[in-house]
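# Working through the structure, step by step
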Amino acid sequence: MKIEIKNLKHKYPSGGEALRGINTAFEGSDPIAIIGQNGAGKTTFAKHLNGLLRPTEGQILIDGESIHEHTTAYWSKYIGYVFQNPDNQLFLETVRKEFEFGPKQLGVPRHEINDRIDFVSELVGLKHRLSTHPFDLNATEKKFCTIGSILMMDPKVIILDEPTCGQDVEGNQRLTEIITYLKNNDRLCITITHDMKFVVRNFDQIVVMAKGQILMSGSKNLVFSDTKTLLESYVTPPPITRVGQALGLKDISFSKEEFIDHFTRRLHQR
Amino acid sequence: MTSTLIQVSHFSYRYNQESEVALKNVHLEVAAGEFVAMIGANGSGKSTLCNALVGLIPNYFVGYSEGRITVDGKDTASVSVGELSQTIGLVFQNPFNQLSYTADTVAEELAYGLGNRGVPRDEMFSKIKKIAELMQIDELLDKNPLELSGGQVQRVALASAIILEPKILVLDECTTQLDPIGSEQIMDIIKKLNESGITIVMVDHDMERVAELADKVYVLQHGSIVLGGTPEEVFCSPQLAEFSVSPPDYYEITKNVIQPGYREKDFALTESQAIALLQEVLYEDRNQEPQA
Amino acid sequence: METIDNSIAVLVRNINPITKLLIVFCLGIGCLIYPLPFVGYGILCLLVILGILIGQGKQVLKLIAGFGIPVTLMLLFIQGLYSPKNITMIADFGFAQMGLEGTMYALKISSTLLIFLAAFYLMLQTTKNSETVAALTQSGLNTKIGYLILASLNVVPQMQRKVKVIQEAQESRGVEISGSFIQRAKAFLPLIGPVVLSSLTDAQERGMTLEIRGFGINGDKPTSYIKVETTSLDIVLRIIAICFLISSLIPRLL
């Protein structure tokens, strides 16, 4: 599935310009992170990808077809969007019903839905919570419930809006598992996040946004080496990368292992 | 001279309709002016403890409690949440929950708590102006709080608590929706508030930040405090991994590249410490080079 | 609230909410007391003109057409044909006769209803809820009751917001919300339960916020950020409103 974005602009009814000409394309299944300052337009941009918001100018093509051709409900088959605030997405009485809702709308057969529930509830860690009311879940479980309800629809592209808010070590680990699963199953995962440790652990393609535009995009090596541009979008590299840069190590490090390796090589490099 | 401002004595709590206790025999003292961080896995009781400190437990939630909590000499069970709010402020995890939903503008939102205290109108204006500059929300003052983005509401939520000038500020993961630099700015503000004498109790999952800022760190697990002390004591503890907490990345990288006993301190907990220590190692090795 | 920036709209917006409430009340009650319905329709015309002047003309007319015409027809049917007060017959439909007294009564009730509706609508469009409540509490209304009023007034826009948000969530999960009326109704009906329920849980969370922000601290008299001015225009308008109410009594007393 290929998403092309051509000169996308979005103006609020009040007149403010949220997106000021975005040109990019997403393809393949290598997970993509969208980072950048608050108010850069990340969520507004993401809401265009499944048609929840429509471009004021420019166009979005999904496998060559303009997004204008169909409703959001139609695109939901191909592009799943997980809201930033789970309270905005959950509206049914049990986790199971939340999970069933999307695939039922798409006309997925009953036995298939049941199979998916088994699999998805395991993946998002809510197997024992299926009959719980979503209001009784804690904040992180709610987030996984919303992710699960979109995974249930098995879209080709899945957009996660700030999935790491309030996640602990275990929650982060689970997110990594989900992102890996999507990648291995030829699904494209696009994630909006402020958590740079999470970014470098899970993503190699990064899009940096600022003030309604894409400031730069590319591999994590490229993006996190350009600290000056990063700063423009209110982003700093993760802790380990920063230490490596401060010490002037030749290669950029993202994980502890990389850092230790690069540092010891530097020590012995005489 | 330090005096105890918060005293949690053998406090246990179970929410109504829950079979397991949320807090189990928690014992904790916070001195005036201290910066305390609470860490631990989700569901370990951190937010429950926050609610208990400001008196929402037992005054607002229905449940069963044992033991007692005093804040600035007041027993939280015997005074109202409103009265306690004059001493202790709370910023919720979800910033939208901080809003009063009665204000048409951010300025009115910020004025809400002041109004309850009977602060004269002229004073409100100067306080709102000051806090808006501090939190960089000047441009939002005339906007409807319900139409702001998550990051913006987070700043407003914090401002609405700080404007009340509490002696103690309890922060339950208060920067999760901010960009990295914004989040650093907010933490700088909180650090300055602490330096000016305000006691801070902060729940956070960012261990680098906890190590940088906190005087004391408490680790919670299944509703109990299982580990507590200075950041150094806590993060160097061999037990840490059992509680689903990992030390700051700085600790692990320094610990791994520096031979034990190589120098007095073979690890670092903060960015500046780590850079200084590792630079020293590189520099010293270079000095040895000609001799080798 | 839409922001309309012509000078009349600004003027209307700056009128003290108490004055507006008084005008709504005096106009409505005055028309009810006044024996003939024509005064009511005259005032209704004035309200429509005011609506147009402040850029709300379309909405006011829509309100009158959508609510006023059906209600008036229904009242005319019931009162005009079947009121026991009917003595003078003005038309004969075969199955029933239309009486003058009942018709007049029906027109009066409908004009009163429409005036309340139109005037109240214009008031809501030109006044912030928080200002209305601030004005009321500044005139001595208990703060807690003031809060209750404000919270209730805000429930509707909040629910609207919530419905919009949940609709987005539904669309993202394959529900067609555009299309035929039946299709939209099918998507909308299941929302009512969750929206009401989540509003209740919201109310609970709200309670916590209010308390930690010192709601109802005993002893202190709360202050408000919003200051509602009473200008000389307000005084004049209040006098006119009361005079209108009194004048409506005169034909009755004579």
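Scoring rules and cut-offs
Residues numbered from 1 in each chain as written. Chains lettered and ligands numbered in written order. Predicted model: local features only at pLDDT ≥ 70, side-chain atom pairs only at ≥ 80, totals over all residues. Heavy atoms only, no water. Helix = DSSP H or I, 4+ residues; strand = E, 2+ residues; numbered from the N terminus. Rg over C-alpha atoms; globule rule 2.2 N^0.38 Å. Buried < 20%, exposed > 50% of the residue type's maximum accessible area, 1.4 Å probe, protein only. Contact = heavy atoms within 4.5 Å. Areas by Shrake-Rupley, 256 points an atom, 1.4 Å probe, with all protein chains shown as cover. Lys, Arg positive; Asp, Glu negative; His and termini not counted. Charge placed at Lys NZ, Arg CZ, Asp CG, Glu CD. Domains from an automatic or database assignment. Buried area = accessible area lost by both parts, 1.4 Å probe. Salt bridge = Lys/Arg side-chain N within 4 Å of Asp/Glu carboxyl O. Polar contact = N/O pair within 3.5 Å; in protein donor to acceptor, adjacent residues only side chain to side chain. Nonpolar A, V, L, I, M, F, W, Y, C, P; charged D, E, K, R; others polar. Phe/Tyr/Trp six-rings, centres within 6.5 Å; stacked < 30°, edge-to-face > 60°. Lys NZ or Arg CZ within 6 Å of the ring centre and 35° of its normal. Disulfide = S-S within 2.5 Å. UniProt positions renumbered as here; feature names shortened; annotations may be inferred. Pairing = 2+ DSSP bridges. Axes fitted to C-alpha atoms, helices over the stretch in contact; angles between N-to-C directions. Expected span 1.5 Å × (residues − 1).

If you tally the helices and strands in chain B, you get eleven helices and ten strands. Here chain B has a C-alpha radius of gyration of 21 Å; the compact-globule value for 292 residues is 19 Å, and the two agree. Each of the three principal axes of chain B carries a C-alpha extent, and together these read 75 × 45 × 40 Å. Here chain B holds 292 residues, and 59% of them are scored as buried. When contacts within chain B are restricted to residue pairs at least 6 apart in sequence, long-range pairs at least 24 apart make up 60% of them. Accessible area for chain B stands at about 12,000 Å²; split by element, carbon and sulfur atoms hold 46% of it. Looking at chain B, you have 21 positive and 42 negative side-chain charges, and the mean spots of the two groups are 4 Å apart.

What follows covers the domain arrangement of chain B. Residue and element names in this part refer to chain B. Under the domain assignment used here, chain B contains domain 1 (1-87 + 166-237), domain 2 (102-162) and domain 3 (248-292). Relative to domain 3, the C-alpha centre of domain 1 lies at a distance of 34 Å. On the domain 3 side, the residues contacting the eight residues of domain 1 number nine residues. Carbon and sulfur atoms make up 69% of the area that domain 1 and domain 3 hide from each other, which totals about 710 Å². With its nearest N and O atoms 3.6 Å apart, the salt bridge here joins Glu232 to Lys265. Counting across the domain 1 and domain 3 interface gives one residue pair in polar contact (both at pLDDT 80 or more). Top contributing element to the side of domain 1 that touches domain 3 by residue count: helix α8 (residues 207-213), with four residues.

All right, on to the interface of chain B and chain C then. Between chain B and chain C, the residue contacts involve 41 residues of the former and 30 residues of the latter. A combined buried area of about 3,100 Å² lies between chain B and chain C, and 56% of that area is made up of carbon and sulfur atoms. Area buried by chain B at its contact with chain C is led by Tyr60, Tyr101 and Asn116 of chain B, which between them contribute 19% of it. At the boundary of chain B and chain C, one finds two salt bridges. In this structure, the connection of chain B to chain C is made through ten residue pairs in polar contact (both at pLDDT 80 or more).

Moving on: the interface of chain A and chain B. In this complex, chain A contributes 33 residues to the contact, which on the side of chain B involves 36 residues. Across the chain A/chain B interface, buried area totals approximately 3,200 Å², and carbon plus sulfur atoms make up 60% of it. Applying the counting criterion to the chain A and chain B interface returns five salt bridges. Connecting chain A to chain B are eleven residue pairs in polar contact (both at pLDDT 80 or more). For the side of chain A that touches chain B, the elements supplying multiple residues, two or more each, are α7 (196-202), α10 (239-246) and α11 (256-268) of chain A. Counting residues per element, the side of chain A that touches chain B draws most heavily on α11 of chain A, at six residues. A breakdown of the residues in the side of chain A that touches chain B according to their chemical character gives 15 nonpolar, ten polar and eight charged.

Per the counting criterion, the structure on display carries 18 aromatic pairs over all chains. Look at Phe77 of chain C and Tyr82 of chain C: their rings are 6.0 Å apart centre to centre, the planes differ by 80 degrees, and that puts the pair in the edge-to-face class. A relative accessible area of 45% means that Phe77 of chain C is categorised as partly exposed. Residue class for Tyr82 of chain C comes out partly exposed when judged on its relative accessible area of 48%. Joined through ring pairs, the aromatic side chains of Tyr13, Tyr15, Tyr60 and Phe61 of chain B make up one cluster. If you follow Lys85 of chain C out to its NZ or CZ, it ends over the ring of Tyr105 of chain C, 3.8 Å from the centre.

Under the counting rule described, the total for this entry stands at zero disulfides over all chains. Free of any disulfide, Cys165 of chain A has its nearest neighbouring cysteine sulfur in Cys174 of chain B, separated by 12 Å. With a relative accessible area of 24%, Cys165 of chain A lands in the partly exposed category. Cysteine Cys243 of chain C shares no disulfide, and the gap to the nearest cysteine sulfur, in Cys26 of chain C, comes to 9.6 Å.

Before going further, it helps to spend a moment on the UniProt feature "transmembrane region" (unreviewed entry) in chain C. Residue and element names in this part refer to chain C. Under the feature "transmembrane region" (unreviewed entry), the UniProt entry names residues 21-53, 60-82, 102-124 and 235-253. The span residues 21-53 is 88% helix and 0% strand, and its two end C-alpha atoms sit 20 Å from each other. As annotated, residues 235-253 comprises 100% helix and 0% strand, and the C-alpha atoms at either end are separated by 27 Å.

Residues and elements named next belong to chain B. Strand order in the open sheet made by the six strands is β6-β7-β8-β3-β9-β10, with mixed pairing throughout. Two strands bound the open sheet, and with one partner strand each, they are β6 (88-91) and β10 (224-229). For this sheet, the mean inter-axis angle between neighbouring strands, taken without regard to orientation, is 15 degrees. Pairing geometry for strand β3 (residues 35-39) and strand β9 (residues 216-221), over four bridges, is parallel. Bridged to Met38 within β9 is Tyr218. Contacting β3, β7 (168-172) and β8 (199-203), helix α7 (residues 180-195) runs over the sheet at an angle of about 145 degrees to β8.

One can expect most non-glycine residues to show negative phi and most peptide bonds to be in trans. Of note, the amide linkage connecting Ile57 of chain B to Pro58 of chain B takes the cis form, showing an omega dihedral of 5 degrees. Its identity as a non-glycine residue notwithstanding, Asp154 of chain A has a phi of 50 degrees, on the positive side. As for its position among the elements, Asp154 of chain A is in the loop between α5 (139-151) and β7 (157-161). Residue classification places Asp154 of chain A among the partly exposed residues on the basis of a relative accessible area of 31%.

This brings us to α5 of chain A. Residues and elements named next belong to chain A. End to end, α5 covers 19 Å across 13 residues, agreeing with the expected 18 Å (1.5 Å per residue, within 8%). Within α5, twelve of the 13 residues are buried, which leaves it mostly tucked inside the rest of the structure. All of the buried residues along α5 are Thr140, Glu141, Lys142, Lys143, Phe144, Cys145, Thr146, Ile147, Gly148, Ser149, Ile150 and Leu151.

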